[in-house]
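An overview of the molecular structure
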Amino acid sequence: MWLPLLAVLLSGPPATWPGGDEVIGATGAHRIGRGESLIEIARRYDLGFGEIAAANPRLDAFVPPPGELAILPTAWILPSAVEEGTVVVNLSEMRLYYLRPGPTLLTFPVGVAVEAGATPLGVLTVEQKLVSPSWYPTSSIRREDPELPVAVPPGPDNPLGSHALRLSVPTLLIHGTNRPFGVGRRVSHGCIRLYPEDIPQLYRAVRLGTPVAIVREPVKVGVRDGRVLVEVHADEAAAADPAELAQRLLRDRGVLEQVDPRKLARALAARSGMPVDVTAD
């Protein structure tokens, strides 16, 4: 069994970290034990539920057969927005990237909003860092659940978890959670959720004033060892047609002529969320 690091630490497009890589990590596998679901396996390898479910469409996510191999989608093409010193949240793949000055790259799965427009696209900044935050439900949330109190103090019932980063849209936070099964799902009212073990790492790494770019990149293109790879995510909120977007990205990159159209069509249909080799042989 291959075990990746919980937080992958790796020394205008395509986005690369200074080591020159635009495709990071490597796909792995996990043999399913008795009583394991994809939810527990995802958390063990610091993956979101949506990532592992998309990579294993033939497995029952909640009662997968013991002894079967689950694919671990622990390889990623960097979003084009990635740059040193900026936190990037790609809503399409439900994953956060932070290329720290130094540089090293942190990447974590996230839970995002149910409604596509609830989290604004664009560049915000980290305005406040909070430890053991209290939660103040908005009026719209309290209308949905009138039994909610005006404030929820720190503790196991607090949905913000142990740490939070308040962004320049005051009601928008990047925070932990007391419901880790929601990481890798569209579950929030707009905030961005991390696993309880991930948020302290991001909290320590990020300073006040750090830019946070919130993007929607359902298709990403990268080249590794001379091979062209495409990563496609299922995102119904994305405005662009995935096939047209892939063609444009490949053409802009100057690698369209190296692509096998049949391989590309299969990658677009599968929407596995993993880098797929589409190079013509």
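Description of the structure in this document. (Residues numbered from 1 in each chain as written. Predicted model: local features only at pLDDT ≥ 70, side-chain atom pairs only at ≥ 80, totals over all residues. Heavy atoms only, no water.)

1. Quick look at the pairing of strand S6 (residues 95–100)
Inclusion rule: Only protein chains enter the calculation, and the probe is 1.4 Å; a residue is then buried if its accessible area is under 20% of its type maximum, exposed if over 50%, and partly exposed in between. A run of H or I in DSSP becomes a helix once it reaches four residues, and a run of E becomes a strand once it reaches two; helices and strands are each numbered from the N terminus. Two strands make a pair as long as DSSP finds a minimum of two bridges between them.
For S6, the buried fraction is high: 5 of the 6 residues fall into the buried class. Sheet topology places strand S5 (residues 87–90) next to S6; 4 bridges connect them, and they run antiparallel. If you follow Val-87 over to S6, its bridge partner there is Tyr-98. Hairpin connection between S5 and S6: a loop of 4 residues separates the two successive antiparallel strands, and Met-94 in this loop has a positive phi of roughly 55°. Relative to strand S7 (residues 104–109), S6 is paired through 6 bridges, and the arrangement is antiparallel. Residue Leu-96 lies in a different strand from S7, and its bridge partner there is Phe-108.

2. A look at the sheet that holds strand S14 (residues 211–215)
The 8 strands lie next to each other as S7-S6-S5-S14-S9-S10-S11-S13, forming an open sheet whose pairing is mixed. For this open sheet the edge positions go to S7 and strand S13 (192–193), each flanked by a neighbour on one side alone. Of the pairings in the sheet, the one linking strand S9 (residues 122–131) to strand S10 (residues 163–167) comprises 5 bridges and is antiparallel in character. Its bridge partner lying in S10, Val-131 is registered against His-163.

3. Here's the deal with the side chain of Lys-263
Filter applied, for reference: For this analysis, a polar contact is any N or O atom pair within 3.5 Å, provided that within protein one partner can donate a hydrogen and the other can accept it, and provided that sequence-adjacent residues contribute only side-chain to side-chain pairs. When checking whether two residues touch, look at their non-hydrogen atoms; a contact exists if any pair is within 4.5 Å.
Note that Lys-263 resides in helix H6 (residues 261–270). Residue classification places Lys-263 among the buried positions, given a relative accessible area of 17%. Within the local environment of Lys-263, its side chain forms a polar contact with the backbone oxygen of Thr-279, the two atoms lying 2.7 Å apart. The contacts of Lys-263, once residues within four sequence positions are left out, are Arg-227, Asp-277, Val-278, Thr-279 and Asp-281.

4. What to know about the pairing of S5
Where burial is concerned, the two faces of S5 agree: the one with Val-87 and Val-89 and the one with Val-88 and Asn-90 are both buried. For S5 and S14, the ladder comprises 4 bridges, and the chain directions are parallel. Within S14, the residue paired with Val-88 across the bridge is Ala-213.

5. Topic: the packing of aromatic side chains
For the record, the criterion: Pairing of aromatic rings covers Phe, Tyr and Trp, the last counted by its six-membered ring, and requires centre-to-centre distances within 6.5 Å; plane angles under 30 degrees mean stacked, over 60 mean edge-to-face, and any other angle means tilted.
One pass over the structure, following the stated rule, counts 1 aromatic pair. Geometrically, the ring pair formed by Phe-49 and Phe-62 is stacked, given 6.0 Å between the ring centres and 25° between the ring planes. Within this pair, whereas Phe-49 is found in helix H2 (residues 49–55), its partner Phe-62 is found in the loop between H2 and strand S3 (69–72), the two being separated by 13 residues in sequence. For Phe-49, a relative accessible area of 13% puts it in the buried group. Owing to a relative accessible area of 52%, Phe-62 belongs among the exposed residues under this scheme.

6. Some remarks on the pattern of salt bridges
Short version of the rule: Only one rule defines a salt bridge in this text: a Lys or Arg side-chain nitrogen within 4 Å of an Asp or Glu carboxyl oxygen.
Inspection of the entire model under this criterion finds 12 salt bridges. The salt bridge involving Asp-281 is made with Arg-227; its shortest N-O contact spans 2.9 Å. Of this pair, Asp-281 sits in the segment after strand S17 (276–277) while Arg-227 sits in strand S16 (residues 227–232), and the two are 54 residues apart along the sequence. Exposure remark for Asp-281: the relative accessible area of 77% places this residue in the exposed category. According to the relative accessible area criterion, Arg-227 is partly exposed, its value standing at 30%.

7. Side note on the sheet that holds S16
Each strand in a sheet pairs with its neighbour through backbone hydrogen bonds, running either in the same direction (parallel) or in the opposite one (antiparallel). What counts here: Lines fitted to C-alpha atoms define the axes, with helix axes restricted to the stretch in contact, and inter-axis angles between N-to-C directions lie between 0 and 180 degrees.
Spatial strand order, S15-S16-S17: 3 strands in an open sheet with antiparallel pairing. In the strand order of this sheet, the two ends are held by strand S15 (219–224) and S17, each with one partner. Bridge count between S16 and S17: 2 bridges; the pairing is antiparallel. Across the sheet, residue Leu-229 finds its bridge partner in S17, namely Asp-277. Across the sheet, helix H5 (residues 242–253) lies against S15 and S16, angled at about 35° from S15, the strand it touches most. Across the sheet, H6 is in contact with S16 and S17; its angle to S16 comes to roughly 25°.

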